[in-house]
Amino acid sequence: MRLATWNVNSVRARLDRVLAWIDRSDVDVVALQETKCKDEQFPEQAFLDLGYEVAHHGLSQWNGVALVSRVGLEDVSTSFSADVPHFGEPAVAEARAIGATCGGVRVWSLYVPNGRGLDDPHYVYKLAWLQELRSAGAGWLAQDPRAQVALVGDFNVAPTDEDVWDVDFFAGATHVSEPERAEFGSLVDAGFADVVRPYAPGPGTYTYWDYTQLRFPKRQGMRIDFVLGSPALAERVSGATIDREERKGKGASDHAPVIVELAPNA
DNA sequence: ATGACTGGCAGCGCCAGA
């Protein structure tokens, strides 16, 4: 089974690219982030025409997550916990998570809050959101240590200095701060391994490149999109790739798709 | 060339992204 995650930065603005990529990439399950639309605006029929089912969770022009699958899409949930933090005044629920069982794997498409700045309320929200995700994930594994769970998406954290093109450039910024890295580390320690890294070693291996300043052709990016697998899922991983070809050309998302190959369940 | 931000929405600037 081939499982992918991709922050598409608007599914409507680049629907043709998204569909073409799915069609040629032979992926069974795709987790999308930043669809940037409400449910009623999501172009569901185009995915159905390709032979995929879709579950989308979008509440406004911001955020938005989806799961696209041709191997089943069951038990859809739009919240990994009853206590997912909300943001703003008044506090509003955001569309940053959707989970479903696809081909026997519990897949969560996640769009972790950006944080905006270290002194911004959004940063507090980001840390709380990650903490709640870790708590939920640890709970699932406590209930079933052999659970097949994939936490995938845009984590908006660069776990190590090697995961950004220039550490000094990001000094004092989000994505690289110790508290964020600690939360990401807690998720890994809870049993969710970065299953892509062994197949996509660094340095200089990224999943995101800013649209400005020629960051992509200069190979100045960040590694912030991940597939984190539970122990039982990680055992099945036989390969992984970051498709940086898809970052090229007119109309590309600023994130590249990340694909994981899973061996048949033993 | 892999190329000098982009998307959405209100409305022809502004916020958000990271």
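Residues numbered from 1 in each chain as written. Chains lettered and ligands numbered in written order. Predicted model: local features only at pLDDT ≥ 70, side-chain atom pairs only at ≥ 80, totals over all residues. Heavy atoms only, no water.

Engineer: Can you walk me through the protein's contact with DNA strand B in this structure?
Structural biologist: Taken together, 29 residues form the shell around DNA strand B, and within it Ser10, Asn114, Arg116, His175 and Gln213 come nearest. Among the atoms of DNA strand B close to the protein, meaning within 4 Å, 76% are from sugar or phosphate groups. Glutamate 34 has a polar side-chain atom sitting 3.3 Å from a phosphate oxygen of DNA strand B. Asparagine 156 places a side-chain nitrogen or oxygen 3.2 Å from a phosphate oxygen of DNA strand B. In terms of residue class, the surface near DNA strand B is made up of ten nonpolar, eleven polar and eight charged. (Near = heavy atom within 4 Å. Polar contact = N/O pair within 3.5 Å; in protein donor to acceptor, adjacent residues only side chain to side chain. Nonpolar A, V, L, I, M, F, W, Y, C, P; charged D, E, K, R; others polar.)

Engineer: How should I be thinking about the UniProt feature "domain: Endonuclease/exonuclease/phosphatase" (unreviewed entry) in chain A in this particular structure?
Structural biologist: According to UniProt, the positions carrying the feature "domain: Endonuclease/exonuclease/phosphatase" (unreviewed entry) are residues 4-255. What you have in residues 4-255 is 22% helix and 22% strand, and the ends, taken at the C-alpha atoms, are 13 Å apart. (UniProt positions renumbered as here; feature names shortened; annotations may be inferred. Helix = DSSP H or I, 4+ residues; strand = E, 2+ residues; numbered from the N terminus.)

Engineer: Sorry, what's going on with the environment of valine 196 here?
Structural biologist: Note on placement: valine 196 falls in the loop between β9 (193-194) and β10 (225-229). With a relative accessible area of 6%, valine 196 lands in the buried category. In sequence terms valine 196 and isoleucine 242 are 46 residues apart; their C-alpha atoms lie 8.4 Å from each other. Residue contacts for valine 196: discarding those within four places in its chain leaves Val227, Ala240, Ile242, Val258 and Val260. (Buried < 20%, exposed > 50% of the residue type's maximum accessible area, 1.4 Å probe, protein only. Contact = heavy atoms within 4.5 Å.)

Engineer: Just checking my understanding: could you explain helix α3 (residues 121-143) for this structure?
Structural biologist: Residue pairs spaced three or four apart in an α-helix point in one direction, given the helix's 3.6 residues per turn. If you check α3, its first and last C-alpha atoms are 33 Å apart, about what 23 residues at 1.5 Å a residue would give, namely 33 Å. All buried positions along α3 are accounted for by His122, Tyr123, Tyr125, Lys126, Leu127, Trp129, Leu130, Glu132, Leu133, Ala136, Gly137 and Leu141. Where α3 is buried, its residues meet β6 (97-102), β7 (105-111), α4 (178-189) and α5 (231-234). At the N-terminal boundary of α3, the capping side chain belongs to aspartate 120, with an oxygen 2.7 Å from the backbone nitrogen of histidine 122. (Expected span 1.5 Å × (residues − 1).)

Engineer: Whenever I open this one, the layout of surface pockets confuses me. Can you help?
Structural biologist: If a probe as big as a water molecule is rolled over the atoms, it shows which places are left empty. Counted as a void, the largest pocket has a volume near 660 Å³. Forming the boundary of the largest pocket are 36 residues, of which Glu34, Tyr111, Asn114, Asn156 and His175 lie nearest the centre. The class makeup of the residues in the lining of the largest pocket is 14 nonpolar, 13 polar and nine charged. What the second largest pocket holds in volume is close to 170 Å³. Thr78, Ser79, Val84, Ala93 and Glu94 are the residues nearest the centre of the second largest pocket, which is lined by 15 residues in total. In terms of residue class, the lining of the second largest pocket is made up of eight nonpolar, five polar and two charged. (1 Å grid on protein atoms, 1.4 Å probe; cavity = no way out; pocket = protein on both sides within 12 Å on 5 of 7 lines; lining within 4 Å. Points joined across faces, edges and corners; volume = space filled by probe spheres on them.)

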